[in-house]
Amino acid sequence: MEKMTLKRKLHQTTSNKDVIMTNKNHPYKRERVCITDYSPVEYEELVFMQPSDYEKIFGCPDGSKKCPRVPVVKITNPNNQKSVHLLFRTSREIKGYHDYAVMTYTAIKRISDNREEVQNLEFVLVSKGNRMSFYWNHPNIATRIAIRMGAISIFLGLLSFIVCLIP
């Protein structure tokens, strides 16, 4: 199957069921979805989508040996083309939604230009992402710094090796 870019309705995740009840008549266009499968810290690096989207994005069925072990998707704001790389996940707690992408408020902020767009962004484009971009711009600062320090160390190691070879 051919890999593609999907247009998905954007929802915002929360781990607090009370937020869903208090925000029923909220002026925002985006619905909140309560997911308790993961800890709130893990949410920052995840986007929740329906299982059938996996094969559409990666071109192979989930669990296949040809599929990536770390399924990274690129979420793009169609208004300004800003993007964020997140891990693809599904959740049994999401019921009754079709063609959706559920991600955190922080991730939505990263692809928006201003507060109004953060509140009113309705659709995003989802395509296959790059694992290096995911780790390079990871939402957890400890992971981000470790990857960047590792890359700098490799560069300096190669540079010192080349300098040693010069007579």
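A brief report on the enclosed structure follows. (Residues numbered from 1 in each chain as written. Predicted model: local features only at pLDDT ≥ 70, side-chain atom pairs only at ≥ 80, totals over all residues. Heavy atoms only, no water.)

## Some words on the overall build of the protein
- The helix and strand tally for the protein stands at seven helices and seven strands.
- The secondary structure elements of the protein, listed N-terminal to C-terminal, are β-α-β-α-β-α-β-β-β-α-α-β-α-α.
- With the C-alpha coordinates aligned to their principal axes, the bounding extent of the protein is approximately 75 × 35 × 30 Å.
- Taken across its 167 residues, the protein has 34% of its residues classed as buried.
- Considering only residue pairs separated by 6 or more positions, the protein has 67% of its internal contacts joining residues 24 or more positions apart.
- For the protein, the distance from the average site of its 25 positive side-chain charges to the average site of its 16 negative ones is 4 Å. (Helix = DSSP H or I, 4+ residues; strand = E, 2+ residues; numbered from the N terminus. Buried < 20%, exposed > 50% of the residue type's maximum accessible area, 1.4 Å probe, protein only. Contact = heavy atoms within 4.5 Å. Lys, Arg positive; Asp, Glu negative; His and termini not counted. Charge placed at Lys NZ, Arg CZ, Asp CG, Glu CD.)

## Thoughts on the environment of Lys109
- Residue placement: Lys109 occurs in helix H4 (residues 105-110).
- Between the C-alpha atom of Lys109 and that of Phe48, which follows or precedes it by 61 residues, the distance is 17 Å.

## Observations regarding the nonpolar core
- Ranked by size, the top nonpolar core spans 23 residues in total, and within it Val47, Ile57, Val73, Ile75, Met103 and Val124 carry the most contacts.
- Elements represented by at least two residues in this core include exactly strand S1 (6-14), helix H3 (52-58), strand S4 (72-76), strand S5 (83-89), strand S6 (100-103), H4 and strand S7 (123-128).
- When residues no more than four places from it in sequence are discounted, the contact partners of Val73 are Val47, Ile57, Phe58, Val84, His85, Leu86, Phe88, Val126, Ser127, Lys128 and Gly129.
- Ranked by size, the runner-up nonpolar core spans eleven residues in total, among them Val33, Val72, Tyr100 and Phe134. (Core = buried A, V, L, I, M, F, W, Y, C linked by side-chain atoms within 4.5 Å.)

## Thoughts on unusual backbone geometry
- Unlike most non-glycine residues, Gln81 shows phi in positive territory, near 65 degrees.
- Here Gln81 is to be found in the loop between S4 and S5.
- Residues other than glycine seldom take positive phi values, yet Asp99 does so here, at roughly 50 degrees.
- Note that Asp99 resides in the loop between S5 and S6.

## Observations regarding the environment of Ile166
- Within the element layout of this structure, Ile166 appears in the segment after helix H7 (141-165).
- The class for Ile166 is exposed, based on a relative accessible area of 56%.
- The spacing of Ile166 and Thr14 is 152 residues in sequence and 57 Å in space, taken between C-alpha atoms.

## Focus on the side chain of Gln50
- Its place among the elements puts Gln50 in the loop between strand S3 (46-48) and H3.
- Setting aside anything within four residues of it in sequence, one finds Gln50 in contact with Phe88, Thr90, Tyr97, His98, Asp99 and Tyr100.

## Considerations on the pairing of S6
- Neither face of S6 is open: one carries Tyr100 and Val102, the other Ala101 and Met103, and all of them are buried.
- Examined bridge by bridge, S1 and S6 share four bridges and lie parallel to one another. Pairing of Lys9 across the sheet is with Tyr100, part of S6. (Pairing = 2+ DSSP bridges.)

## What about H7?
- Taking 1.5 Å of rise per residue, the 25 residues of H7 would be expected to cover 36 Å, and the 36 Å separating its terminal C-alpha atoms lies within 8% of that figure.
- Between the side-chain oxygen at the start of H7 and the backbone nitrogen of Ala142 there is a gap of 3.0 Å, and the oxygen is on Asn140. (Expected span 1.5 Å × (residues − 1). Polar contact = N/O pair within 3.5 Å; in protein donor to acceptor, adjacent residues only side chain to side chain.)

## Some points on the pairing of S4
- Burial analysis of S4 places four of its five residues in the buried class, which makes it a mostly covered element.
- Pairing of S4 with S5 involves five bridges; the strand directions are antiparallel. Note on S5: the bridge partner recorded for Ile75 is Val84.
- A loop of six residues connects S4 with S5, the two strands running antiparallel in sequence, and Gln81 in this loop sits at a positive phi of about 65 degrees.

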